[in-house]
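# Topology and contacts: notes
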Amino acid sequence: MNIEKSKSLFAKAQGYIPGGVNSPVRAFKSVGGDPLFIKTAKGAMIYDEDGNEFIEMINSWGPMLLGHANPIIEEAVRKALSDSLSFGAPTAREVEVAELITHMVPSVEKVRMVNSGTEATMSAIRLARGYTRKDKIIKFEGCYHGHGDSFLIAAGSGAATLGTPDSPGVTPGTAKDTLIAPYNDLEAVQEIAQTHKGEIAALIIEPVAGNMGCVLPKEGFLEGLRTLCDAHEIVLIFDEVMTGFRLAKGGAQELYGVIPDMTTLGKIIGGGMPVGAYGGKKEIMDFVSPAGPVYQAGTLSGNPIAMAAGLAMLTQLEENPALYTKLNEIGARTVKEVQQNLDRLSLSYTINHIGSMFSLFFTDAPVVDFRSAKAADTTKFSGYFRGMLEQGVYLAPSQFEALFLSTAFEDDIIALFSKANYDVLKAMHA
């Protein structure tokens, strides 16, 4: 595979951009080799600057639910472009998108638009602290909520210990207010809540984790968190930046029947454009300025182009529930192909799967939290990633990232993916 243009661009980029990329995982450091520079994408396929074609398994980390370059979304953007790119003022479209979100997501009675998932989670935490007048938060090891200071905290030596900064620039003062729990360990969360009784403003979680690979909540785990938060007057926040509108029209909260107090959403509400949102109960959201005392603002919040794309995306999802049936069938068929390949080769690995999200872990042990995810063979995954890339399949360049499918993943694409998967696994174990 020729990637000379990508190599040249990466070399040039390193002179102007830290590490040559604008987000760390893109650098391919965990899998080896140089990153590919993407030129275009359509449907289930993506093309790099050298003209190489790949089956696309990331879909911009989730939002391209309907595949790349969806014609309805593209047409909505083209129509909006002639009205200007930004106003920094209210528009009708943001009201329409907000109305759709409140109609579709069970927990959201009011919603505030922002510009990214990171901004949404940062704002949600500030609001929860302002609403409860408490300082501490609980987050889960392995869950990623963007690069806000409160979230870049590593676990301490025990479930009830305070976190420590996981990145230079995060102060010990911030870290002391962030409490870390193992994912899927309800007893550990109960211990933390009891130890810091009356001090915890919010608990934030990916209801289905996507940033330690795809990890599902154990039966009763989310329900237990809901009960605990009610008992301790803690604001329960579901980070549905990845799962919102993907696992169901109302996200993971609809699928599992557990309703949080607040929800954060990402670029799927902009059809893949830079946008995010946070919403929840009316009494909480009315604490946001100018209705309430908690300040949050943004010139580009509710950007008219992003709102046009988001309105087109959400309208399709709202009006065509069969899209979710198709998406889930695609997920089931794709994972079945992987499992059949593993069985044909007498290989034992772990596959975590829900709807159109899945991960293949190079371990035969169950993966239920970040510790068990880290026990997987990442060296083997690196070889798998590079082999699949050579076979024309573009995977997430990290064992600890979920894969996302789209409705563009038709039978012929699934067959091509399955063949590549079999050939690579067979070569790895020859």
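Since the structure is predicted, the reported quantities are computational estimates derived from the model, not experimental observations. (Residues numbered from 1 in each chain as written. Predicted model: local features only at pLDDT ≥ 70, side-chain atom pairs only at ≥ 80, totals over all residues. Heavy atoms only, no water.)

### A short note on the sheet that holds strand E13 (residues 350–354)
- The three strands are arranged E13-E14-E16 in an open sheet whose pairing can be described as antiparallel. At either end of the open sheet lies a strand with only one pairing partner, and these are E13 and strand E16 (403–404).
- Note: E13 against strand E14 (residues 357–361), five bridges, orientation antiparallel. By the bridge assignment, Asn352 is partnered in E14 with Ser359.
- Across the sheet, helix H11 (residues 322–344) lies against E13 and E14, angled at about 170 degrees from E13, the strand it touches most. (Pairing = 2+ DSSP bridges. Helix = DSSP H or I, 4+ residues; strand = E, 2+ residues; numbered from the N terminus. Contact = heavy atoms within 4.5 Å. Axes fitted to C-alpha atoms, helices over the stretch in contact; angles between N-to-C directions.)

### Thoughts on unusual backbone geometry
- At the junction of Ser289 and Pro290, the peptide bond is cis and its omega measures out at 10 degrees in the coordinates.
- By secondary structure assignment, the location of Pro290 is in the loop between helix H9 (282–285) and helix H10 (304–319).
- Despite not being glycine, Ser60 has its phi angle at roughly 55 degrees, a positive value.
- Along the chain, Ser60 falls in the loop between strand E3 (53–56) and helix H2 (71–81).
- Positioned with a positive phi, Ala69 is a non-glycine residue whose angle comes to about 55 degrees.
- By the element assignment, Ala69 lies in the loop between E3 and H2.

### Some words on the pattern of salt bridges
- One pass over the full model with this rule turns up 15 salt bridges.
- Put simply, Asp261 and Lys281 hold a salt bridge, and the shortest N to O gap is 2.9 Å. Separated by 20 residues along the polypeptide, Asp261 in the loop between helix H8 (251–256) and strand E11 (262–265) and Lys281 in the loop between strand E12 (276–280) and H9 bring together distant segments of the chain.
- For the salt bridge of Asp411 with Arg333, the shortest nitrogen-to-oxygen distance reads 2.7 Å. Linking Asp411 in helix H14 (residues 411–428) with Arg333 in helix H11, this pair joins segments that are 78 residues apart in sequence.
- Note on Arg333: relative accessible area 33%, which makes it partly exposed.
- Shared partners join several salt bridges into a network, and the residues in it are Arg226, Asp230, Asp261 and Lys281. (Salt bridge = Lys/Arg side-chain N within 4 Å of Asp/Glu carboxyl O. Buried < 20%, exposed > 50% of the residue type's maximum accessible area, 1.4 Å probe, protein only.)

### Some thoughts on the nonpolar core
- Of all hydrophobic cores here, the largest spans 43 residues; its most connected members are Met57, Tyr384, Phe409 and Phe417.
- At the level of secondary structure, the elements contributing two or more residues to this core comprise strand E2 (45–48), E3, H11, E14, helix H13 (378–390), strand E15 (393–394) and H14.
- Look past the residues within four positions of Phe409 in its chain and what remains in contact with it is Ala44, Ile55, Glu56, Met57, Ile330, Arg333, Thr334, Ile414 and Phe417.
- Counting residues in each nonpolar core, the second largest holds 33 residues, with Leu66, Ala80, Ile268 and Ala312 among its members. (Core = buried A, V, L, I, M, F, W, Y, C linked by side-chain atoms within 4.5 Å.)

### Comments concerning the side chain of Ser289
- Topologically, Ser289 is positioned in the loop between H9 and H10.
- Residue Ser289 is classed as buried on the basis of its relative accessible area, which comes to 18%.
- What Ser289 contacts, discounting residues up to four positions off in sequence, is Arg112, Val294, Tyr295 and Gln296.

### As for the side chain of Asn211
- Checked against the element boundaries, Asn211 lands in the loop between strand E9 (200–205) and helix H7 (221–232).
- Overall, Asn211 belongs to the buried group, its relative accessible area being 13%.
- Within the local environment of Asn211, its side chain forms a polar contact with the side chain of Glu206, the two groups lying 3.0 Å apart.
- Once residues lying within four places of it in the same chain are set aside, the contact partners of Asn211 are Gly142, Tyr144, Glu206, Met242, Phe400 and Glu401. (Polar contact = N/O pair within 3.5 Å; in protein donor to acceptor, adjacent residues only side chain to side chain.)

### Things to note about the confidence of the model for the protein
- With 97% of its residues at a pLDDT of at least 70, the protein reaches an overall mean of 94.
- The model gives residues 155–162 a pLDDT under 50, and that stretch makes 20 contacts with residues more than four places away or in other chains. (pLDDT = per-residue confidence, 0-100.)

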